[in-house]
Structure formats: C-alpha cells, structure tokens
Amino acid sequence: KAGVTQTPRYLIKTRGQQVTLSCSPISGHRSVSWYQQTPGQGLQFLFEYFSETQRNKGNFPGRFSGRQFSNSRSEMNVSTLELGDSALYLCASSRQATNTGELFFGEGSRLTVL
Amino acid sequence: QQQVKQSPQSLIVQKGGISIINCAYENTAFDYFPWYQQFPGKGPALLIAIRPDVSEKKEGRFTISFNKSAKQFSLHIMDSQPGDSATYFCAALLPGAQKLVFGQGTRLTINP
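Residues numbered from 1 in each chain as written. Chains lettered and ligands numbered in written order. Predicted model: local features only at pLDDT ≥ 70, side-chain atom pairs only at ≥ 80, totals over all residues. Heavy atoms only, no water.

Peer 1: Go over the interface of chain A and chain B with me, naming the residues and quoting the values.
Peer 2: Taken together, the contact pairs 26 residues of chain A with 22 residues of chain B. Together, the buried faces of chain A and chain B total about 1,800 Å²; carbon and sulfur atoms form 49% of this surface. Summed over the shared surface of chain A and chain B, the result is one salt bridge. Linking Lys-42 of chain B and Glu-107 of chain A is a salt bridge whose minimum nitrogen-to-oxygen distance equals 2.7 Å. There are five residue pairs in polar contact (both at pLDDT 80 or more) connecting chain A and chain B. Those elements that place two or more of their residues in the side of chain A that touches chain B are strand 4 (31–38), strand 5 (42–50), strand 6 (53–57) and strand 9 (87–94) of chain A. (Contact = heavy atoms within 4.5 Å. Buried area = accessible area lost by both parts, 1.4 Å probe. Salt bridge = Lys/Arg side-chain N within 4 Å of Asp/Glu carboxyl O. Polar contact = N/O pair within 3.5 Å; in protein donor to acceptor, adjacent residues only side chain to side chain. Helix = DSSP H or I, 4+ residues; strand = E, 2+ residues; numbered from the N terminus.)

Peer 1: A description of the layout of surface pockets should follow, citing residues and the corresponding values.
Peer 2: In this structure, the largest pocket encloses a volume near 680 Å³. Taken together, 24 residues form the lining of the largest pocket, with Gln-37 of chain A together with Gln-38, Thr-87, Phe-89 and Arg-107 of chain B sitting closest to its centre. Of all elements in the fold, only strand 4 of chain A together with strand 9 (86–94) and strand 11 (106–111) of chain B reach the threshold of two or more residues within the lining of the largest pocket. Ranked by residues supplied to the lining of the largest pocket, first place goes to strand 9 of chain B with three residues. Classifying every residue of the lining of the largest pocket by side-chain character gives seven nonpolar, twelve polar and five charged. Approximately 450 Å³ is the volume found for the second largest pocket. Lining the second largest pocket are 19 residues; nearest its centre among them are Leu-43 and Gln-44 of chain A together with Gln-3, Val-101 and Phe-102 of chain B. Of the residues in the lining of the second largest pocket, the class split is seven nonpolar, ten polar and two charged. (1 Å grid on protein atoms, 1.4 Å probe; cavity = no way out; pocket = protein on both sides within 12 Å on 5 of 7 lines; lining within 4 Å. Points joined across faces, edges and corners; volume = space filled by probe spheres on them. Nonpolar A, V, L, I, M, F, W, Y, C, P; charged D, E, K, R; others polar.)

Peer 1: Can you break down the state of the cysteines residue by residue, with the values?
Peer 2: Should the sulfur atoms of two cysteines be covalently bonded, the bond is a disulfide. Tallying each qualifying case throughout the model produces two disulfides over all chains. Cys-23 of chain A shares a disulfide with Cys-91 of chain A; S-S distance 1.8 Å. Every disulfide takes its handedness from the sign of the S-S torsion; for Cys-23 of chain A and Cys-91 of chain A that torsion is -60°, giving left-handed. One end of the pair, Cys-23 of chain A, is in strand 3 (residues 19–24); the other, Cys-91 of chain A, is in strand 9, and 68 residues separate them in sequence. The class of Cys-23 of chain A is buried, set by a relative accessible area of 0%. In this model Cys-23 of chain B forms its disulfide with Cys-90 of chain B; the gap between the sulfur atoms is 1.9 Å. Since a negative S-S torsion denotes a left-handed disulfide, the Cys-23 of chain B-Cys-90 of chain B link at about -95° is left-handed. Highlighted residues: Cys-23 of chain B in strand 3 (residues 19–25) and Cys-90 of chain B in strand 9, separated in sequence by 67 residues. Both residues of the pair, Cys-23 of chain B and Cys-90 of chain B, count as buried. (Disulfide = S-S within 2.5 Å. Buried < 20%, exposed > 50% of the residue type's maximum accessible area, 1.4 Å probe, protein only.)

Okay, here's the thing in structure tokens:
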C-alpha cells in the first residue's frame with residue numbers, strides 16, 4: 001500500500017512569489033491535514049480537510065490556503081511568500097472521519113524562501 | 001492553554017539504557033495522546049498512543065505512562081538501541097477534529 005505522497009519534495013522560491021504543494025493521501029483515506037514544521041516553532045497545524053470541506057484551520061494568515069479534490073488529493077497554496085515561510089510542509093492522511101489522532105505523514109515538501 | 005510542553009529538548013542515552021521523555025498539557029479537553037518518531041528526511045510516524053482513561057500502555061520496548069491528575073504523560077524506551085536515535089514528538093488531540101497539538105520535540109541519541 002503506497003504511503004502519503006507529497007510533491008515537490010524540495011523547492012526554492014523568492015519573496016513575494018506564490019507556491020502550490022500537492023499531497024496524495026493513502027488510498028481510502030478521506031481526511032487530509034497539513035502541518036508546518038520549523039526548528040523554532042516545531043510542528044504547527046495548518047488545516048484539515050474531509051470530503052472536500054475544510055473542517056479546521058490553524059492560526060496562520062490568509063496567505064495560507066488549501067483545498068481538497070473529490071479523489072481526496074489535496075493542495076495547499078502560500079501566496080506572497082515571506083522569508084519566515086521557509087519550512088518543511090507535511091501532509092498527513094487519516095482513514096477515519098473524526099477523532100482518532102492516527103495520522104500517516106508524508107515525507108514533506110521543503111520550501112526555502114530567499 | 002492548547003500548548004503541550006515537552007522535555008528534555010535533547011537526550012543522550014547509552015545502548016541498553018532507558019530513555020525517558022516527558023510531556024505536560026493544560027487543556028483537559030484533550031482526549032488522545034500519541035507519540036510520533038521522526039528520522040531525518042522523513043515525516044513523523046505514529047509510535048504509540050494512549051487515551052486518558054488508561055494509565056499505562058506498553059508496546060514492545062515502548063511504554064506510555066499517563067497521569068491524568070497531573071496532566072502529564074511520558075514515553076519510556078527500554079533497552080534503547082542505536083536505531084532508536086531520532087526526534088520524538090508527543091502530541092495531544094482536540095476532540096471533534098483531527099487537529100494535533102505537538103510538543104517541541106526531543107532529539108534522542110543512543111550511543112553504541
């Protein structure tokens with residue numbers, strides 16, 4: 001069974017640009033969550049989608065957005081990039097509709113903003 | 001109140017020893033407490049988890065101890081091996097959502 005797949009794995013952008021990251025969850029998983037990982041702030045929740053609906057959102061500015069498609073694949077977008085957006089962006093999927101905490105993470109997309 | 005505080009930040013243990021990582025939380029609404037293990041270049045992977053109605057859970061060499069009244073929980077790794085060298089994160093789940101609040105992580109090094 002394939003795991004969570006994230007693309008691209010690495011990318012470099014400059015300030016002011018925008019970026020789109022993609023996530024393919026494990027087959028059969030309908031919940032997709034996104035987390036930002038940085039050395040200073042650790043792992044922080046961005047948002048969670050289930051059946052194409054955003055159910056929860058973390059404390060990030062509106063420049064961070066996402067969506068989920070009917071096949072459960074998800075994308076997140078960051079507009080007007082800032083240096084502080086440099087981070088590892090992790091996608092996680094879950095089979096259950098609610099409240100299990102058992103998340104399966106991908107290997108992440110490492111974004112560097114210059 | 002949604003924070004999870006984890007200590008120590010880094011830990012060095014000799015092979016065969018016991019590794020202990022501690023976490024504390026404030027929000028009593030949390031109802032699921034997983035531990036994740038992360039190797040360099042990889043995403044976190046679920047290691048073991050516990051619900052607050054249980055005081056201890058053991059899976060192989062890994063044990064979670066949970067103290068509901070103190071709002072603390074800890075991970076014990078018995079007979080620590082060099083392959084256990086990784087970063088460990090405790091987390092807590094807010095009910096009604098798949099939102100995990102993570103601790104800051106502990107970088108564990110097991111010396112051979």
